[in-house]
Every structure is written in C-alpha cells, then in structure tokens.
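One letter stands for each residue in the lines below.
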Amino acid sequence: MRIGVLTGGGDCPGLNAVIRAAVRKGSEVYGHEFLGFRDGWKGPLENVTMPLDVGTTRGILPRGGTILGSSRTNPLKVDGGVDRIQANLDSLGVDALIAIGGEDTLGVATALASAGVTVVGVPKTIDNDLGATDYTFGFDTAVQIAVDAIDRLHTTAESHHRVLIVEVMGRHAGWIALHSGLAGGANVILIPERPFDIDQVCAYIEHRFASHYSPIVVVAEGAQPKEGTMELQAGELDAFGHVRLGGIGQVLEREIQARTGYESRQTVLGHVQRGGTPTAYDRVLATRFGLHAIDAVHEGESGVMVALRGTEIVRVPLSAATSELKTVPLERYEEVEVFFG
Ligand code: F6P
C-alpha cells in the first residue's frame with residue numbers, strides 16, 4: 001500500500017513521534033510505502049508532497065513541531081476541494097491517508113471518508129478538548145510549560161507585591177488553565193466554561209494580599225466575563241471560522257489594577273506552550289497512537305480514529321471526534337475553588 005500522512009491545524013509537541021511510529025511499523029513490519037503531504041490539507045489539495053520513509057523520520061522523536069508542516073487550510077471551503085483531493089490521491093497512487101489533527105482537520109477527514117477516501121485519524125491538540133479520547137498528546141507538554149512559568153512568576157510577584165496574570169491557551173476548554181493553575185498553585189483560575197465575576201476575582205486578590213502573599217491569576221484565552229460586566233474586543237476569523245483570541249490577560253491587568261489599586265502585570269504564554277520538545281508522557285502517547293493508526297490502515301479500516309480510553313488505545317468512528325467538545329465539567333472546576341483567594 002502507499003499511505004499519505006498529513007498534520008493539520010495548530011502544531012503540537014508529539015506530532016513527529018506519531019509520524020515516526022507509523023512510518024517505522026508500516027515500513028518495517030507491513031512493508032508499506034509512505035508519502036508526506038505538506039502543510040495540512042493544503043498538501044493533498046495542491047499536490048505538495050515530500051518523501052517519507054524510515055530515513056527521513058530518523059531522530060525526530062524528541063523534536064517539537066511537525067516535519068510535514070501544518071496549516072488551517074479548509075478544503076471544504078474550496079470549490080470542488082474534495083474532488084480535487086480525490087483526484088490528486090489517485091494520480092499519486094495513494095491508497096489511504098493518516099490525518100493527524102484536531103477538531104477541524106478530523107472534520108475534513110470525516111467528510112473525505114464519507115466521500116469514499118480511505119482515511120484514519122489521529123487526535124491531537126494541546127487544548128485536550130476532543131470528546132472521543134481521554135487525552136490528546138501535546139496537552140501534558142503545554143501544562144508543564146505553563147507550570148514552569150507559574151513557578152517562576154511566584155517569586156517575582158512576591159518581590160514586587162504585584163498581581164501577576166498568566167494567559168494560557170484554551171479556546172473553548174479550560175483544561176490547560178485548570179491543570180496548570182492547580183499544579184502551579186494559582187490563586188484564581190478562569191476558564192471559558194465558567195463566566196467570571198470581576199468583583200469576585202478582585203475579592204480573591206484582596207484576600208490573598210491580606211495574607212501577605214502575592215496572587216497569581218491563571219486565565220484561559222477563551223475566558224469570558226459574566227454578561228454585561230466588562231467589555232472585550234472581537235478578533236479576526238480563520239478559515240474554520242474561529243475567532244483569533246488573546247487579550248483577556250491585558251483586559252484583566254487593567255481592570256484589576258483599576259479596581260484594587262494593586263499593580264498588575266500580565267504574561268501571555270502564547271505559542272511557547274506549543275513549541276519545543278514533548279514530555280515523555282506525550283512521546284509515549286503519540287508513539288502508541290502512531291502504531292495503532294498504522295495497524296488500522298493495514299487492516300483496511302477507514303473513517304475511524306485512534307483514541308485513548310483509560311490506558312488502552314481503541315478505535316472510534318471519526319465522527320465521534322468532532323461531535324462533542326470535551327469541556328471542563330463544572331464540578332471539576334468547583335473542586336479547585338477551595339484554593340482560590
Ligand atoms: O487549537 C490549539 C490552539 O493552540 C488553541 O489553544 C489556540 O486558541 C489556537 O490553537 C491558536 O491558533 P493559532 O496558532 O493559529 O493562532
């Protein structure tokens with residue numbers, strides 16, 4: 001078989017580990033051939049490829065990013081996009097695709113599978129918000145990077161008696177904020193699932209200073225104030241219709257300082273959370289996903305995605321990946337509120 005591999009959407013530490021595992025087992029155990037598609041769905045749409053074999057995937061296990069490149073190209077928004085992909089796969093002699101991505105990339109994979117393309121999905125996102133899998137690789141690395149930053153911010157916050165606000169990623173789901181805030185000993189954690197009350201946030205801050213300790217506020221980029229309490233700016237949209245986020249840290253910096261009188265500064269971790277080497281946990285999970293994805297392709301599966309359930313890797317319908325977003329349940333958030341203030 002000739003198998004195409006692509007990585008789509010925001011990059012994520014562990015993508016290279018998936019590619020390496022699938023290629024290694026696919027070539028050496030099953031005797032398949034591989035072809036890399038560049039930059040997500042742009043590759044099969046515009047026929048942009050690169051060689052992919054055991055040689056080209058050597059040494060990439062600990063490397064962040066993706067050797068294939070990524071993009072947020074959406075072929076479903078391009079006239080005749082699905083037909084063009086099918087024609088390109090035929091002309092290249094590609095029998096099956098492994099699509100590694102999040103909600104958007106796997107949404108396209110689902111549409112292609114319905115159109116008759118043989119495709120197996122691998123879930124990725126640092127946000128950990130895909131419904132069908134317990135964890136996605138990249139999340140553990142992002143949380144560790146955020147915790148390292150929070151640990152450092154504690155000491156400088158103390159020295160200057162400041163409020164330090166850390167903005168982390170998390171568009172619709174606050175998993176990174178929740179886990180990094182909990183592990184980093186934050187005094188307030190704000191997530192998209194639970195609109196916040198700025199008066200309550202300021203009360204926590206005052207309380208923290210009363211115990212002679214400087215507060216750290218961890219906020220997910222998608223966090224929202226309760227309706228009508230604060231103004232937020234709208235951002236641009238990408239090809240999948242997502243608004244470009246960022247800026248809640250700055251808004252909080254201004255509001256908290258104005259309301260409490262304490263000097264407040266924000267740190268936006270941004271893409272630092274997605275860069276660099278994956279943690280050991282993410283390398284193991286990504287490698288297992290790659291091994292199971294190539295098994296699924298070899299066994300003639302299509303329209304499925306590999307997923308983690310407990311400690312097992314299972315196959316689920318691709319549509320399950322995109323049908324439900326895994327957000328933070330309110331009781332999980334309420335569990336950590338005892339540490340606020
Ligand atoms: O989906 C993963 C993610 O890192 C989100 O947390 C974030 O909102 C988004 O990607 C940022 O995307 P981009 O790198 O395209 O700005």
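Residues numbered from 1 in each chain as written. Predicted model: local features only at pLDDT ≥ 70, side-chain atom pairs only at ≥ 80, totals over all residues. Heavy atoms only, no water.

1. So, the sheet that holds strand β5 (residues 119–123)
Taken together, the 7 strands give an open sheet; going across it, the order is β3-β2-β1-β4-β5-β10-β11, and neighbouring strands pair in mixed fashion. On the outer flanks of this sheet lie β3 (49–52) and β11 (312–317), each paired with one strand and no other. Across the sheet, the axes of successive neighbouring strands diverge by a mean angle of 30 degrees, strand direction being ignored. The sheet contact formed by strand β1 (residues 2–7) and strand β2 (residues 33–37) spans 4 bridges and is parallel. Pairing of I3 across the sheet is with F34, part of β2. Running at roughly 140 degrees to β2, helix α3 (residues 81–92) makes contact with β1, β2, β3 and β4 (96–101) of the sheet. (Pairing = 2+ DSSP bridges. Helix = DSSP H or I, 4+ residues; strand = E, 2+ residues; numbered from the N terminus. Axes fitted to C-alpha atoms, helices over the stretch in contact; angles between N-to-C directions. Contact = heavy atoms within 4.5 Å.)

2. Some remarks on the pattern of salt bridges
Tallied over the entire structure, the rule returns 12 salt bridges. E337 is the salt-bridge partner of R194, the closest N and O atoms lying 3.2 Å from each other. Here E337 lies in the segment after α11 (330–336) and R194 lies in the loop between β7 (188–190) and α7 (198–210), a separation of 143 residues in the sequence. Salt-bridge contacts for R265 lead to E263; the nearest nitrogen and oxygen are separated by 2.9 Å. Residue classification places E263 among the partly exposed residues on the basis of a relative accessible area of 30%. (Salt bridge = Lys/Arg side-chain N within 4 Å of Asp/Glu carboxyl O. Buried < 20%, exposed > 50% of the residue type's maximum accessible area, 1.4 Å probe, protein only.)

3. With respect to helix α1 (residues 15–28)
Its 14 residues place the ends of α1 20 Å apart at the C-alpha level, agreeing with the 20 Å of an ideal helix rising 1.5 Å per residue. Where α1 is concerned, the buried positions are L15, N16, A17, V18, I19, A21, A22, V23 and G26. Buried-residue contacts for α1 involve β1, β2, β3, β4, β5 and α9 (280–298). (Expected span 1.5 Å × (residues − 1).)

4. Structural notes on the site of the ligand
In the vicinity of the ligand, the residues found are R72, I126, D127, M169, G170, R171, E221, H271 and R274. Here an oxygen atom of the ligand and a side-chain polar atom of E221 are 2.5 Å apart. In isolation the ligand has 400 Å² of accessible area, and contact with the protein removes 79% of it. Classifying every residue of the shell around the ligand by side-chain character gives 2 nonpolar, 2 polar and 5 charged. Shared between two domains, the shell around the ligand holds at least three residues of each, these being domain 1 (2–138 + 278–322) and domain 2 (139–275). (Near = heavy atom within 4 Å. Polar contact = N/O pair within 3.5 Å; in protein donor to acceptor, adjacent residues only side chain to side chain. Areas by Shrake-Rupley, 256 points an atom, 1.4 Å probe, with all protein chains shown as cover. Nonpolar A, V, L, I, M, F, W, Y, C, P; charged D, E, K, R; others polar. Domains from an automatic or database assignment.)

5. Quick look at the packing of aromatic side chains
Centre-to-centre distance and the angle between the planes together describe a pair of aromatic rings. What the rule picks out here adds up to 6 aromatic pairs. Between Y333 and F340, the aromatic rings sit 5.8 Å apart at their centres with planes inclined by 70 degrees, giving edge-to-face as the arrangement. By the burial criterion, Y333 is buried, and F340 matches it. Between the NZ or CZ atom of K326 and the centre of the ring of Y135, over which it lies, the distance is 6.0 Å. (Phe/Tyr/Trp six-rings, centres within 6.5 Å; stacked < 30°, edge-to-face > 60°. Lys NZ or Arg CZ within 6 Å of the ring centre and 35° of its normal.)

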